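Residue strings, one per chain:
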Amino acid sequence: MSLQDSITSVASSSVPQPDKFTALQSLLTPLENPSDLQTYVTSVLAHAPSLGLVVSRPVISSYISHIVDIECSQADKEVLLRHGLTVLQPTLVSYEEQESVVREHLASLYESQGRSIQAATILRGIKLESGQRVISDDYRVDISVRVLRNLLEDVDTDAIKNDEDDAVPAAERILLAEDLINKTAALILKSSNASAKLHFKLAQARVFDARKRFLEACAKYYELSHHGSEGEAGIDADDRLACLSAAVSCALLAPAGPARGRMLASLAKDERVKDPEGGLPLEHAMLDKLFFDNLLPAEDVKAYILGSRRKIPKSHLISRGAQLGEGDYEQDSVLDRAVTEHNLLAASKLYANISFSELAELLGLGSGDAAEGYAAKMIQERRLRAVIDRVDGIIYFQGGGRGGLDEAERENLKSWDAEILGVCLQVEDVVSLIQKQYPEFVVGV
C-alpha cells in the first residue's frame, strides 16, 4: 500500500482519535526521503477535515520536528520547509502556530547561511497579532528583534541579493527597521528578555546612525558602551570599546553646536577614552580636538577614518557615489559637512571677525559664498553666535577671538535693524492706503 493510501486508510477509519495520531506517527517516523515527506504532509492536510484539528495539529507539529531533526542536506531541508509553508497557506487560520514554527526554522537555516534578507522576510511573515492563539509580549519582542538583527546585518553594503537576484537597497532596510523599532518600542519595556532589550538598543543606535540622527545615535552608543561593565551579563569588553568608538564617530558627524558640546563633555570625562592603553588612541585625539574646538586638518580626519576602532560607515563618506581611496571622503558628504561646520565653530573661537574669502580658504571651500552659506545656516539654527555683514563680506563672531562685537556695536546693529523694520512697516501702510483709495490703479498694476 502506498504512503498516500495508508494515510487515507487511517483518516477514514473509525478508530479513536488518539489511535489515529499513533498510526500517522508510525508512518512518519521511518520517512527520510524529501519526496515521501512532502507527500506525507500534503496527504495529512488533505484529510484534515476527517481527522479533525485535535489530530492534524499535533501531527503537523511532529512532522515539523521530524524534518528539522533528520539528516539531510541544507538544500533538501530548505525545500521541505518551504513546501510546508506552501501547503499550510490555504488553511493558515487553523495552523498559525505550526506555520510560525516553520518560519522560525527556515529563518534559522538562512541565518546559518548568511542570507540575512531572506531570514528577515520569512520572519516578518509571522503573525504577531492573532485571534486564534495567545501570543506573549516576550515572543513578539523576540521575533521583532530577530527581524531587526537580520535587516541591519551588513547594512552598510549597497545591496544584498535575494533568491530572485533583485537588489534590496540598504536604505529600504533601514526604513523597515525604523518602522519596526517604532512598533516595538512600547513592547520592549514589558519584556523580561535582557538579551532582546540589548539587541533592540543596538538596533536603535544603528538606525539613528544610518538616518543621520547622530546625537541620538551617540547617546545610545555611549549607553551601550557601559552595558556589562559592572559585571552583569551584557556586552563584552571589546564590543563596549567598539560602541564607545562609535559614539565618538557620531559626535564627529553630529551638527556642531551647543547640543553636541554637551555630548562631547560627557565623552571627554570618560576615563576609558583617556587611558593610553585603552585601545582608543585616535578616538582620544579626535575627541580632544572636538571638545576644545580645535581646527580639524584633513590629514587628521583621514587618519581617523583609517584607524578608528569602529569604522565610519561608507554611506557617510560619499555624496555622489564616487570611488574613494583609503581614508578619503567625498566633498559635500556627511563627514565633509560635519568637519566644515566644526572648523567654522573653531574659527569663531579664534577670530573676532573674518572676511568670507579668508574663511573659505580656512575651511577649504571653493568660494566665499559657500562659507557664507554654512555660516548663515548655523546662525539660523542657533548653533553659531555671529553677525553677517553682507555689504563688506565680513562675519563678526560674538564672544569669539578678542571678544567679537563690543556692546556699543551690538546696540548700533539692533538700532539699525529697528530702523529698517520701521521703514518696511511704513511702506506697507502706504501700499494699503493706495489699495483703498485707488483700487483701479492696483488692478491695473
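The structure displayed is predicted, hence computed values, not measured ones.

Quick notes on the rules
Residues numbered from 1 in each chain as written. Predicted model: local features only at pLDDT ≥ 70, side-chain atom pairs only at ≥ 80, totals over all residues. Heavy atoms only, no water. Buried < 20%, exposed > 50% of the residue type's maximum accessible area, 1.4 Å probe, protein only. Helix = DSSP H or I, 4+ residues; strand = E, 2+ residues; numbered from the N terminus. Arc of directions from axis to C-beta. Contact = heavy atoms within 4.5 Å. Patch = residues over 30% accessible without salt bridge, like charges linked within 9 Å, V, L, I, M, F, W, Y side chains within 5 Å. Areas by Shrake-Rupley, 256 points an atom, 1.4 Å probe, with all protein chains shown as cover. Salt bridge = Lys/Arg side-chain N within 4 Å of Asp/Glu carboxyl O. pLDDT = per-residue confidence, 0-100. 1 Å grid on protein atoms, 1.4 Å probe; cavity = no way out; pocket = protein on both sides within 12 Å on 5 of 7 lines; lining within 4 Å. Points joined across faces, edges and corners; volume = space filled by probe spheres on them. Nonpolar A, V, L, I, M, F, W, Y, C, P; charged D, E, K, R; others polar. Pairing = 2+ DSSP bridges.

**Digging into helix α1 (residues 3-12)**
Here is step 1 of the chain: Taken residue by residue, α1 has Leu3, Ser6, Ile7, Val10 and Ala11 as its buried positions. Viewed along the axis of α1, the buried residues span an arc of 135 degrees, placing them on a single side of the element.
Here is step 2 of the chain: Buried residues belonging to α1 abut α2 (17-28), α3 (34-46) and α4 (48-51).

**Let's talk about a nonpolar patch on the surface**
Here is step 1 of the chain: Taken together, the side chains of Leu295, Leu350, Tyr351 and Leu362 define a hydrophobic patch exposed on the protein surface, amounting to about 320 Å² of accessible area.
Here is step 2 of the chain: Structurally, Leu295 is set in the loop between α16 (281-291) and α17 (298-307).

**Observations regarding the confidence of the model for the chain**
Here is step 1 of the chain: Confidence in the prediction of the chain, expressed as mean pLDDT, is 86, and 90% of residues score 70 or more.
Here is step 2 of the chain: Per-element confidence in the chain ranges from a low mean pLDDT of 40 for strand β1 (residues 159-161) to a high of 95 for helix α7 (residues 96-112).
Here is step 3 of the chain: pLDDT under 50 marks residues 157-166. Its contacts with residues more than four places away, or in other chains, come to 25 contacts.

**Some points on empty space enclosed by the protein**
Here is step 1 of the chain: Under the definition given, this model contains two cavities of 30 Å³ or more.
Here is step 2 of the chain: What lines the largest cavity is simply Val41, Ile60, Tyr63, Ile64, Ile67, Leu80, Leu81, Gly84, Leu88 and Val102.
Here is step 3 of the chain: Elements supplying a minimum of two residues to the lining of the largest cavity: α5 (53-69) and α6 (74-88).
Here is step 4 of the chain: For the second largest cavity, the calculated volume is near 40 Å³.
Here is step 5 of the chain: Lining the second largest cavity are Leu92, Glu96, Glu99, Ser100, Gly125, Lys127 and Arg133.
Here is step 6 of the chain: Looking at side-chain class alone, the lining of the second largest cavity contains one nonpolar, two polar and four charged residues.

**Topic: the side chain of Arg140**
Here is step 1 of the chain: Relative to the elements of secondary structure, Arg140 occurs in helix α9 (residues 137-151).
Here is step 2 of the chain: Looking at Arg140, the relative accessible area reads 13%, which means it is buried.
Here is step 3 of the chain: Setting aside its immediate chain neighbours within four residues, Arg140 contacts Leu128, Glu129, Ile135 and Leu187.

**As for the pattern of salt bridges**
Here is step 1 of the chain: Tallied over the entire structure, the rule returns 23 salt bridges.
Here is step 2 of the chain: Across the salt bridge formed by Lys289 and Asp300, the nearest N and O atoms sit 3.3 Å from each other. In this pair, Lys289 sits in helix α16 while Asp300 sits in helix α17, placing the two residues eleven residues apart along the sequence.
Here is step 3 of the chain: Glu381 is the salt-bridge partner of Lys377, the closest N and O atoms lying 3.2 Å from each other.
Here is step 4 of the chain: Accessibility expressed as a relative area gives 41% for Lys377, which makes it partly exposed.
Here is step 5 of the chain: Residues joined in a network through salt bridges with shared partners are Glu178, Arg211, Arg213 and Glu216.

**What to know about the pairing of strand β5 (residues 394-397)**
Here is step 1 of the chain: For strand β3 (residues 353-355) and β5, the ladder comprises three bridges, and the chain directions are antiparallel. For Ile354, the partnering residue across the bridge sits in β5 and is Ile395.
Here is step 2 of the chain: Examined bridge by bridge, strand β4 (residues 386-389) and β5 share four bridges and lie antiparallel to one another. Bridge assignment links Ile388 to a residue of β5, and that residue is Ile395.
Here is step 3 of the chain: Linking two consecutive strands that pair antiparallel, namely β4 and β5, is a turn of four residues; a positive phi of about 70 degrees is found at Gly393 within it.

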